2 protein chains.
Amino acid sequence: MTSQDIAASRPAELGDELTAETQTALERAQASHRHEALFSERAYNIKQSAVRDVFDISIQPGLVSLAGGSPSLSKLPLELVAETASRVIVEHGMEALHYGGGKGTLALRELICEIMAEEGIVGASAEDVVVTTGSQSAQDIAAKIFCNPGDVVLVEDPTYVGALNTFEAYQVQVEPVFMDDDGLIPEHLESRIAELEAEGKRIKLLYTIPSFNNPSGITLAAERRQRIVDICSAHNILVLEDNPYGMLRFDGHPLPPLRADNPDDVIYCGSFSKIFSPGVRLGWALVPRHLYRRFYLAAEAVVLCPSTLNQLIVTEFFRAFDWRGYLAESRATYAERCSAMLEALAEHFPPEATWTTPDGGFFVWVTLPEGIDTYPLLYQAIEAGVVFIPGAAFTPSDGTSSKLRLAFSGVTPEQIREGVRRLAPVVRSAVEARRG
Amino acid sequence: MTSQDIAASRPAELGDELTAETQTALERAQASHRHEALFSERAYNIKQSAVRDVFDISIQPGLVSLAGGSPSLSKLPLELVAETASRVIVEHGMEALHYGGGKGTLALRELICEIMAEEGIVGASAEDVVVTTGSQSAQDIAAKIFCNPGDVVLVEDPTYVGALNTFEAYQVQVEPVFMDDDGLIPEHLESRIAELEAEGKRIKLLYTIPSFNNPSGITLAAERRQRIVDICSAHNILVLEDNPYGMLRFDGHPLPPLRADNPDDVIYCGSFSKIFSPGVRLGWALVPRHLYRRFYLAAEAVVLCPSTLNQLIVTEFFRAFDWRGYLAESRATYAERCSAMLEALAEHFPPEATWTTPDGGFFVWVTLPEGIDTYPLLYQAIEAGVVFIPGAAFTPSDGTSSKLRLAFSGVTPEQIREGVRRLAPVVRSAVEARRG
C-alpha cells in the first residue's frame, strides 16, 4: 500500500485507515455475515492501535520512523546472546523446551527482584512476581480481574495507546487525569475522583507511567509520588504502575517507583523490552501478596506459562553479562539521541511549536497551536519520508489533537536530524495555514 | 510440601488443595482486605487448574508422572535447535530481538499452512493465520471476542481442563455434550442445542478436540465430522476446533480436521507444543476471513505480538529439519508408549476397570466402577509414587468422577509400566472397598 492509497481512504476512526482498502471490503463481508451476531459486546471495543498500524508502515524502506518506541539494540552483544541461547538449549534443553510453571521460573523471578532493587524497589520477594508475556499482558490481566464493564480506570492524559486498547477491550470507562510538567496533578486527581464517585462510578485502577510517560516523556515529580498513591489508597483505588523506562533516566539515578514504599497498594509492571529485547516478549508484574493468587491464575488461564526458552535465555544472559554497564551505555545512547532531537526541533520547527524535555525514556511530545489536527499531517509526513504518531492516539477522549509523539529511541542521531528536517515543512505549513 | 501436607488439607474445590496450606492463609488475608471489593465478577470464576497444580507436584524426584500431557522431546536434535537459535540471533538479531507484527511473521504463517496441509487442510492462506502465544491464548481470544457473560459454549464431556478455565474466566456457561467411542454424539448435540435454545440461551461456540480428545483419547469418527459442523452451522454456532494432536495418529494418516471442508464455520487452533516444543509457546489460529480482523486485533491487545525470536527459531528450524520424518518418529514413540500403557493396565488393573484405546495423541482414560471418587485416590497414588489427573477436572459438571486420565506421552515404557504397577494397588483397594 502506498501513502496515496492511505490518504485516499480515510474513514473516521484513527488507525483503521492505514490498511483500509482491504478492511472496508472485509467489514462489509463481516457486517453482512450471520456470524456478526456472535460477537461479544466487548469485541466492538477492540480497536486497531494507531501505533501498531504505523509500525507496519514505518518498516517501509526509505522512511525515517520517529513513530515506534523501539529500543536501540545496536550495542547488544549478539554473539553473547547467541552463545547463551545455544548453551541453554544444549545444556538445559529438556527444561527450556518444555512447559514451565505459570508464575515463571524462580531463577528469572529472582533476577527480576535484583533488577527492581537497582531502581529502588528493595526487598521484593520472588514469591510476589509473575512473569508475563510482555508487560502488555500484565495490563490485560489487571483489567480482566478487576474491571467489570462500566468500571472506571483513571489514566494520565496522554497515556500509552496499548493500555487504552487493553482497557477498552474489557469495556472499561477510561477517564483521563491532567498532567503538567511535573506529571499527574494531585488536585485534579482528587477532584476527578470526587466527580466520578458522585456519579456513582466504581473506580478500580489508576494506570500510570510515572517515569518518562509514553507518549509525553513527562516524569511525575518525586514530591508528588507518595501523594498520588495516598489519594488512591484513601479511595480504595489500586495503582497500576507501568515502568518500562524507569532505569533509562539519563543521569543514571532512577526515581524510586511508586511501588517502592507501597507494597500493598501498587501493582508494578516491568519489562525486558526496553532494557534488553522486545522480541523475547517477557515482562513481569510485582503484585501485592493478597492479590497475587488471582493475578497469577488469570495469567495461567491465558498462556499456561511464559516461554520457558526465553526465560532461560534471559536469565542466563543477564547472569553472564554486565547488564548494569549495558544500561549505563543505553542511557548514554538515549540521552544523545534525545539531545539530537531537541536540537533539531529547535533548529527546524517554527516558534509556535513547543515540546517536552524528557529526563529519560524514549519520547518527545510536541504541541502545535490549538486547532491544528496532527492526524492529516501524518499523511503529508509519509509523503515527506518521515513517520510519527498523532497525539489523538494517546487519549481516551474523542476529537482531534494538536500534539504529536516523536520517538528518538530506535533511530540514530543522523536519522533523527533527517526525520525532523523532513517533518519541519509539514509542521510549518500547518502552522502558517492556521495563522493565515 | 509433602503429600501428607496435601492430604491433610483438603478443601472442597478441586486443585486448590494441592498448595493449600499457604493458600488458606492467603485467602483469609484476601477476603479481609479492602481490595477484595475491587475484583471483577469474572475474577471469581478464575480457578486453579488441577493439571497445572499436579504439574508442580509431578516434578518431585522419584514420582512417576502419568499426569502432565508433555510431549517427548528425547529425540529432538538439540544441537540443531541450538545452532538454529544461534544463527537466527547472529544473522537476524535485529529482527528476532525486536517487536514484530501482531499477526506473526509471514514466514511462520506460511510454514503453518504447509503443516496444516499435511493433516488435510489444503489451500489455507497465510493471510488467515494468527500466530498466538500457545493455542491456549487462541482459546482465550475466542472466548473474549464471542462470549458475553452467560453465553453458552458447548464442550465434549470430558474436555481439556485449560479450556474450561479459559471459558469460565469469561463467565461463560459451559455445557457438556456426551461422547461415545466415536466421539461427540450428533443426536445428543442436537437435543442439547434444542434444550438450551428453548431456555433462551445464546450458544456461541462448540469447543471440540475431535482427534484424540484430551483427556479421553477418543476420536470423532470420520463419518460424524461433517454432521457435527452442519448441526452447528444450522444453529449459527461457530466450531472452535482444537487440534494439537491431530498429526500424531499412530498409523500416520491424520483424519481431515473439521476445518478442512468448512473454512467459513470453523476456527481452527493448532500448536507447536506437541509436534515440536511447548517451551517456545507458539500456536496459531486459522480464522474464517470475515472474523479475522477482530481476532487478530484482540490478540494484539493482549501481547502486541508473539515472540519474534521464537517465531524465527521455529521457522528456521523447521526449514532446516526433516520435520515430517521427526513426526513419523514421534508417532512411533507415542504408539509404543500407548501400547506399553494398555498392556500394563491389562496386566495390573482389576477387571472392574475399563479404559479407552486411543488411535493417537497422549492419553488413556480409565473408568472405575460408578461410585468411586478418583480424587482421594490421587493422594494415595502420590504416597505410592505415581501421579495422575482425577477425572473431575475435565468436566464442567460439579460432583465426583470415577474416571482418571493417564498420560503416556512424556514417560518411557519402563516408567509407564512402573507407574501403572504402583497405581494398581490403589485402584484395586478402591474397587474392593466399593465391592465389599
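Worth saying up front: this structure is predicted, and the values here are computed from it rather than measured. (Residues numbered from 1 in each chain as written. Chains lettered and ligands numbered in written order. Predicted model: local features only at pLDDT ≥ 70, side-chain atom pairs only at ≥ 80, totals over all residues. Heavy atoms only, no water.)

Asks: Please explain the sheet that holds strand β11 (residues 363-367) of chain B as it appears in this structure.
Replies: Strand-to-strand pairing in sheets goes through backbone hydrogen bonds, with the strands running parallel or antiparallel. All names here are of chain B. Spatial strand order, β10-β11-β14-β13: four strands in an open sheet with antiparallel pairing. Single-partner strands in this sheet number two, and they are β10 (354-355) and β13 (389-390). For β10 and β11, the ladder comprises two bridges, and the chain directions are antiparallel. Across the sheet, residue Thr354 finds its bridge partner in β11, namely Thr367. Strands in contact with helix α12 (residues 323-348) are β10, β11 and β14 (403-407); relative to β11, the strand with the most contacts, it is inclined by about 20°. (Pairing = 2+ DSSP bridges. Helix = DSSP H or I, 4+ residues; strand = E, 2+ residues; numbered from the N terminus. Contact = heavy atoms within 4.5 Å. Axes fitted to C-alpha atoms, helices over the stretch in contact; angles between N-to-C directions.)

Asks: Please explain the environment of Met94(B) as it appears in this structure.
Replies: Within the secondary structure, Met94(B) sits in helix α4 (residues 78-96). Sequence-wise, Met94(B) and Arg405(B) are 311 residues apart; in three dimensions their C-alpha atoms are separated by 45 Å. Beyond its immediate stretch of four places on either side in the chain, Met94(B) contacts Leu73(A) and Leu78(A).

Asks: It is not clear to me how the pattern of salt bridges should be interpreted in this structure. Could you clarify?
Replies: Charged atoms that come close allow side chains of opposite charge to pair. Here the structure, examined in full by the defined rule, presents 34 salt bridges over all chains. When the shortest N-O distance is used, the salt bridge between Arg324(A) and Glu118(A) registers 2.9 Å. Here the residue Arg324(A) occupies a position in helix α12 (residues 323-348), and Glu118(A) occupies one in helix α5 (residues 106-118), the gap between them amounting to 206 residues. For Asp140(B), the salt bridge identified is with Lys144(A), shortest N-O distance 2.8 Å. (Salt bridge = Lys/Arg side-chain N within 4 Å of Asp/Glu carboxyl O.)

Asks: In this structure, what is going on with the interface of chain B and chain A? I would like to understand it.
Replies: Interfaces are often sized by the amount of accessible area the parts lose when they come together. Residue-level contacts link 94 residues of chain B with 94 residues of chain A. On inspection of chain B and its partner chain A, the count reaches four salt bridges. Counting across the chain B and chain A interface gives 54 residue pairs in polar contact (both at pLDDT 80 or more). Listed by contribution, the elements that provide at least two residues to the side of chain B that touches chain A are α2 (20-32), α3 (50-58), α4, α6 (135-146), β6 (203-208), α10 (289-303) and α11 (308-320) of chain B. (Polar contact = N/O pair within 3.5 Å; in protein donor to acceptor, adjacent residues only side chain to side chain.)

Asks: Can you walk me through the relation of the copies chain B and chain A in this structure?
Replies: Both copies of the chain are placed relative to one another by a rotation about an axis and a shift along it. Once chain B has been moved 0.0 Å along the axis and rotated by 180°, it coincides with chain A to within an RMSD of 0.0 Å. Here the copies are linked by what is in effect a two-fold axis. Taking C-alpha positions as reference, the residue of chain B nearest the rotation axis is Ser86(B), located at 2.9 Å. Of the interface residues in chain B, 100% have counterparts in chain A that sit at the interface too, so the contact is made through matching surfaces. (Least-squares fit on C-alpha atoms with pLDDT ≥ 70 in both.)

Asks: It is not clear to me how the domain arrangement of chain A should be interpreted in this structure. Could you clarify?
Replies: Residue and element names in this part refer to chain A. Domain annotation of chain A identifies domain 1 (29-69 + 326-435) and domain 2 (78-320). Contacts between the two partners involve 32 residues from domain 1, matched on the other side by 27 residues from domain 2. When domain 1 packs against domain 2, close to 2700 Å² is buried across both sides, 62% of that on carbon and sulfur atoms. Our count for the contact surface shared by domain 1 and domain 2 stands at zero salt bridges. Within the residue set of the side of domain 1 that touches domain 2, elements represented by two or more residues are α12 and β11 (363-367). Examining the composition of the side of domain 1 that touches domain 2, we find that seven residues originate from one element, α12, more than from any other. (Domains from an automatic or database assignment. Buried area = accessible area lost by both parts, 1.4 Å probe.)

Asks: Quick question: what am I supposed to make of the UniProt feature "domain: Aminotransferase class I/classII large" (unreviewed entry) in chain A here?
Replies: Listed under "domain: Aminotransferase class I/classII large" (unreviewed entry) in the UniProt record, and renumbered for this structure, are residues 65-423 of chain A. Helix makes up 43% of residues 65-423 of chain A and strand makes up 16%, while its end C-alpha atoms are separated by 11 Å. (UniProt positions renumbered as here; feature names shortened; annotations may be inferred.)

Asks: Just checking my understanding: could you explain the packing of α6(B) against α10(B) for this structure?
Replies: Angle between the axes and distance between the axes are the two parameters that describe a pair of packed helices. Residue and element names in this part refer to chain B. Between α6 and α10, whose axes approach to 10 Å, the crossing angle comes to 115°. By the criterion of interaxial angle, the relationship of α6 to α10 is roughly perpendicular. In this structure, α6 meets α10 at a crossing whose hand is right-handed. Where α6 approaches α10, its residues Ala138, Ile141, Ala142, Lys144, Ile145 and Phe146 are matched on the opposing element by Leu291, Arg294, Phe295, Ala298, Ala299 and Val302. Of the residues belonging to the contact of α6 with α10, the class tally is 10 nonpolar, no polar and two charged. (Parallel < 35°, antiparallel > 145°, perpendicular 65-115°, else oblique. Left-handed = near helix turned anticlockwise from the far one by under 90°. Nonpolar A, V, L, I, M, F, W, Y, C, P; charged D, E, K, R; others polar.)

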